[in-house]
Amino acid sequence: MCPSLPDTTGSAVPVSATPRVALVTGAGQGIGAAIAKRLHGQGLRVALLDKNGDGAAALAGELDPRGETALSFHADVIDVGAVRNVVRDITATWNAPDVLVNNAAATAAGSVWDIGLEEWDAVLATNLRSVFALTRLCAGEMRRRHWGRVINLASLAGQQGGALAGAHYSASKAGVLVLTKVFASELAAHGVTVNAVAPAAVLTPAAQALDPEALARTVGTIPVGRAGLPSEVGGLVAYLASEEAGYVTGATFDINGGIHMR
Ligand SMILES: NC(=O)c1ccc[n+]([C@@H]2O[C@H](COP(=O)([O-])OP(=O)(O)OC[C@H]3O[C@@H](n4cnc5c(N)ncnc54)[C@H](O)[C@@H]3O)[C@@H](O)[C@H]2O)c1
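The rules behind the values
- Every chain is numbered on its own, with residues counted from 1 as its sequence reads.
- Given that the model is predicted, a residue must reach a pLDDT of at least 70 before its local features are reported, and side-chain atom pairs must reach 80 or more before they are shown or counted; all residues, however, enter totals for whole chains, interfaces and linings.
- Each side-chain value is derived from all of the structure's non-hydrogen atoms; neither hydrogens nor water enter the calculation.
- Strands are treated as partners if at least two bridges between them are detected by DSSP.
- Secondary structure follows DSSP: runs of H or I at least 4 residues long count as helices, runs of E at least 2 residues long count as strands, and numbering of each begins at the N terminus.
- Crossovers are marked right-handed if the path from the first strand over the helix to the second runs clockwise, as seen with the strands pointing away from the viewer.
- Categorising residues by exposure relies on relative accessible area from a 1.4 Å probe, with only protein chains included: less than 20% of the type maximum marks a residue as buried, more than 50% marks it as exposed, and the intermediate range marks it as partly exposed.
- The axes used here are C-alpha line fits, helices contributing only the stretch in contact, and every angle between their N-to-C directions lies in the interval 0 to 180 degrees.
- Residues are treated as being in contact if the distance between any of their heavy atoms lies within 4.5 Å.
- Near residues are defined by distance, with any heavy atom within 4 Å of the molecule or strand qualifying the residue.
- Each polar contact in these results corresponds to two N or O atoms within 3.5 Å; when the atoms are within protein, one needs to be able to donate a hydrogen and the other to accept it, and residues that are neighboring in sequence are counted only if both atoms are side-chain atoms.
- All accessible areas in this document rest on Shrake-Rupley with a 1.4 Å probe, and a residue is counted as covered only by the protein chains that are shown.
- Under the scheme applied here, ten amino acids are nonpolar (Ala, Val, Leu, Ile, Met, Phe, Trp, Tyr, Cys and Pro), four are charged (Asp, Glu, Lys and Arg), and all others, including Gly, are polar.
- The term nonpolar core refers to a set of buried residues drawn from Ala, Val, Leu, Ile, Met, Phe, Trp, Tyr and Cys, joined through side-chain atoms within 4.5 Å.
- Centres within 6.5 Å are what make two rings of Phe, Tyr or Trp a pair, Trp counting through its six-membered ring; a difference in plane orientation under 30 degrees is then read as stacked, over 60 as edge-to-face, and the rest as tilted.
- A ring is scored as having a charge over it whenever the NZ atom of a lysine or the CZ atom of an arginine sits within 6 Å of its centre and within 35 degrees of its normal.

1. Describing the pairing of strand E3 (residues 70-74)
For step 1, the next point in the chain: Here strand E2 (residues 45-50) pairs with E3 via five bridges, running parallel. Bridge pairing in E3 places Ala47 opposite Leu71.
For step 2, the next point in the chain: Running through helix H2 (residues 53-63), the crossover from E2 to the neighbouring parallel element E3 is right-handed.

Following this line, the structure appears as structure tokens:
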């Protein structure tokens with residue numbers, strides 16, 4: 001090896017002295033819950049935000065009954081004021097979030113002819129505007145500290161349109177994909193990475209609420225021959241949140257059993 005180059009083969013990635021703080025939205029069930037569990041298992045302090053307070057509170061209690069390393073917060077990501085208060089409370093209790101997982105979303109189906117404009121606005125506000133608002137709320141402090149990880153849950157529907165998903169859902173997730181690149185470019189020089197994860201057919205309460213026949217047809221076309229598990233998405237997000245992922249930014253990671261290959 002050239003003596004003037006640093007050793008790049010070992011574990012030279014510095015590890016934070018204090019546990020990192022992660023904010024996971026929509027952590028009360030499904031993929032968000034799996035992500036929160038996984039990050040907590042890796043030693044992060046985890047704030048579980050959900051508009052359904054019960055699921056998040058139950059999981060936080062399961063992860064740490066003393067509330068020292070896992071806390072739940074009841075808020076709707078549409079409500080920027082409420083979310084700002086949650087970020088302020090997390091910061092006062094632990095530290096400002098080092099890791100933000102924008103996972104909360106409304107899963108919505110429907111024909112383009114049937115989706116009302118109010119429904120369109122509500123889905124876009126939940127799935128896309130919230131990602132813009134929350135990332136801005138958290139990225140300033142990440143940038144100041146020169147370390148941060150933002151992971152956005154997109155969808156195969158945002159890449160291809162959806163057999164199961166509605167146009168509003170698909171458009172919101174396409175917006176998440178491009179917002180990921182916009183924020184990644186803004187923050188790359190400041191130690192903050194921003195990446196997207198695009199799942200398809202992962203067995204969660206949202207997926208199970210879709211038309212069962214259409215879901216079964218979709219799963220039948222997946223090359224690996226089965227639906228995905230929330231824990232599999234959790235593992236990918238945990239990597240993207242790690243110290244080692246500092247050279248990965250602006251990327252979209254497909255986790256879809258091979259149903260869409262690029
Ligand atoms: N399950 C899949 O097959 C699949 C596929 C592609 C993308 N995704 C994406 O993965 C993410 C998680 O999906 P899931 O299947 O676990 O969903 P889910 O509906 O099972 O769980 C979503 C969680 O988010 C919460 N939530 C919803 N709207 C919220 C709001 N406005 N404010 C706060 N919390 C809110 C819900 O209460 C729920 O606990 C979503 O972004 C979804 O679009 C999932």
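2. Remarks on unusual backbone geometry
For step 1, the next point in the chain: One non-glycine residue, His146, lies in the positive phi region at around 60 degrees.
For step 2, the next point in the chain: Along the chain, the position of His146 falls in the loop between helix H4 (117-145) and strand E5 (148-153).
For step 3, the next point in the chain: Although it is not a glycine, Ala201 sits at a positive phi angle of roughly 50 degrees.
For step 4, the next point in the chain: Of note, Ala201 is situated in the loop between strand E6 (192-199) and helix H7 (205-208).
For step 5, the next point in the chain: Its relative accessible area of 18% is what places Ala201 among the buried residues.

3. Side note on the environment of Thr107
For step 1, the next point in the chain: With respect to the helices and strands, the residue Thr107 is situated in the loop between strand E4 (99-102) and H4.
For step 2, the next point in the chain: Distance in space between the C-alpha atoms of Thr107 and Ala206 is 6.5 Å, their sequence separation being 99 residues.

4. With respect to the sheet that holds E4
For step 1, the next point in the chain: Pairing within the open sheet is parallel, and its seven strands lie in the order E3-E2-E1-E4-E5-E6-E7. Either end of the sheet is taken by a strand with one partner, and the two such strands are E3 and strand E7 (252-255). Here the average twist between neighbouring strands, direction ignored, is 15 degrees.
For step 2, the next point in the chain: Contacts from H2 reach E2 and E3, with the element oriented near 170 degrees to E3.
For step 3, the next point in the chain: On the sheet, helix H6 (residues 167-187) packs against E5, E6 and E7 and is oriented at approximately 160 degrees with respect to E6.

5. So, the site of the ligand
For step 1, the next point in the chain: In the vicinity of the ligand there are 26 residues, among which Asp50, Asn103, Tyr169, Val202 and Thr204 approach most closely.
For step 2, the next point in the chain: Measuring from a nitrogen atom of the ligand, one finds a backbone N or O atom of Lys51 at 3.2 Å.
For step 3, the next point in the chain: Coverage of the ligand by the protein amounts to 92% of the 840 Å² it exposes when considered alone.
For step 4, the next point in the chain: Within the residue set of the shell around the ligand, elements represented by two or more residues are helix H1 (30-41), H6 and H7.
For step 5, the next point in the chain: Of the residues assigned to the shell around the ligand, the class counts are 13 nonpolar, nine polar and four charged.

6. Brief notes about the nonpolar core
For step 1, the next point in the chain: In terms of nonpolar packing, the biggest core is built from 32 residues, with Leu23, Ile90, Leu100, Leu134 and Cys138 touching the most fellow members.
For step 2, the next point in the chain: Of all the elements, H4 adds the most residues to this core, at seven residues.
For step 3, the next point in the chain: The residues contacting Leu134, other than those within four sequence positions of it, are Leu23, Thr25, Val77, Val83, Val87, Leu100 and Asn102.
For step 4, the next point in the chain: In this structure, Ala27, Leu39, Leu48 and Leu63 belong to the second largest nonpolar core, which totals 30 residues.

7. Quick look at the pairing of E5
For step 1, the next point in the chain: Burial of E5 is extensive: six of the six residues sit out of reach of the surface.
For step 2, the next point in the chain: Residues Gly148, Val150 and Asn152 of E5 are buried on one face, and the alternating residues Arg149, Ile151 and Leu153, pointing to the opposite face, are buried as well.
For step 3, the next point in the chain: The pairing of E4 with E5 spans four bridges and is parallel. By the bridge assignment, Asn102 is partnered in E5 with Asn152.
For step 4, the next point in the chain: Note that the unit made of E4, H4 and E5 has a crossover that is right-handed.

8. Quick look at the packing of aromatic side chains
For step 1, the next point in the chain: Applying the stated criterion across every chain, the model contains one aromatic pair.
For step 2, the next point in the chain: Taking the centre distance of 6.1 Å and the plane angle of 40 degrees together, the rings of Phe132 and Phe183 count as tilted. With a gap of 51 residues between them, Phe132 in helix H4 and Phe183 in helix H6 connect regions that are remote in the sequence.
For step 3, the next point in the chain: A cation over a ring is seen here: Arg20 above Trp147, with NZ or CZ 3.6 Å from the ring centre.

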